[in-house]
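# Working through the structure, step by step
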Amino acid sequence: MKRFLRSAAVAAVMAFGIVACNKSETEIDLFESSTEEALELTDSASVTINHSIEYLRSFEGGKALCEKINNLILRICLGDEFDGLSFGEASESLIEKQVADYQIEAGEEYKSNDEKEAFWLYRWSYEVTGTFADSFQDFQTYNVFSDVYLGGAHGMQSLIPHVINLKTGEEVGEDDLFKEGYEEPVSTLIKAALQKEWGSPTDPDSAYSEMEEEGMVPNGSFAVSEDGVTWYYQPYVIACYAQGIVEAFVSWDDLKPYVNTAQVEL
């Protein structure tokens, strides 16, 4: 298992320099950027944007692999359109776009809404947080949490894990980890895990009985750890918003018959 260390200076804000990767002990640092801009039509509403992204300051696998992994992190946190840019350049470009969209979209809503005192409707926010999580063998889980509020009753949160192969710097998919034909038996294991957490499908009072079973499948949104694989289902995918982000954990022991042994050693 790779050993990841967080730098003592982990809160340093990086401007526009390219991340300097070295071949040494693997060390994590943090890029942070934030802004708040008032709605042009009123000082009582504004948009806030926050980016907090962990990246590799150095990597035992070498400079080239370090840069490749950091570029993957940049794309999964901020968007594929920023491929090859620095974190600072990508963050500033995304912030400019979101602020411009806010002035147009929230401005139009504000002008057309008779209840102009409901300022909370126009206090929009975007938050992206990227963090290194658990690992297993050469696979590293990287979580991207997003919280967006664009008016209305509530915002929308998501937690999307990505698995990175630390030997190649590439993102890992379910088809890489599992043998052909894994979908049906693994879906059965996922349902069993969710029933353990949320109750029996035959109990009309259980939370599980109100969930959408057809969505309880390997969905590409998974994390790995020493103990097994966890699948994540965002709000409204298989359950109501109040249940939040739903997780289904399946152990490596249960998954062993379906694992691609060319990729995973059990």
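Just so we're clear, the structure is a prediction, and the values are computed from it rather than from any experiment. (Residues numbered from 1 in each chain as written. Predicted model: local features only at pLDDT ≥ 70, side-chain atom pairs only at ≥ 80, totals over all residues. Heavy atoms only, no water.)

Another aspect to go through is the pattern of salt bridges. Throughout the structure, instances matching the rule amount to 7 salt bridges. The residue Arg-75 makes a salt bridge to Asp-80 at a minimum N-O spacing of 3.2 Å. One salt bridge connects Glu-108 with Lys-111, and the closest N-O pair in it is separated by 3.4 Å. Note that Glu-108 and Lys-111 are positioned in helix α2 (residues 87-112) at a spacing of 3 residues, about one turn of the helix. Taken together, the shared-partner salt bridges connect Arg-75, Asp-80 and Asp-83 into one network. (Salt bridge = Lys/Arg side-chain N within 4 Å of Asp/Glu carboxyl O. Helix = DSSP H or I, 4+ residues; strand = E, 2+ residues; numbered from the N terminus.)

Helix length check: helix α1 (residues 63-78) (16 residues) gives 22 Å between terminal C-alpha atoms against 22 Å at 1.5 Å per residue, within 8%. All buried positions along α1 are accounted for by Leu-65, Cys-66, Ile-69, Asn-70, Asn-71, Leu-72, Ile-73, Leu-74, Ile-76, Cys-77 and Leu-78. Residues of α1 that are buried in the fold lie against β3 (46-58), α2, β4 (124-136), β5 (139-149), β6 (156-165) and β7 (171-172). Where α1 terminates, the next one or two residues include Gly-79, which has phi positive at roughly 130 degrees. (Expected span 1.5 Å × (residues − 1). Buried < 20%, exposed > 50% of the residue type's maximum accessible area, 1.4 Å probe, protein only. Contact = heavy atoms within 4.5 Å.)

Counting residues in each nonpolar core, the largest one holds 28 residues, and the members touching the most others are Ile-190, Val-224, Trp-231 and Leu-255. The set of elements that each furnish at least two residues to this core consists of α4 (183-198), β8 (222-224), β9 (228-233), β10 (246-251) and α5 (252-255). Here this core takes 4 residues from α4, the largest share from any one element. With 26 residues, the next largest nonpolar core counts Tyr-55, Ile-69, Ile-73 and Ile-76 among its residues. (Core = buried A, V, L, I, M, F, W, Y, C linked by side-chain atoms within 4.5 Å.)

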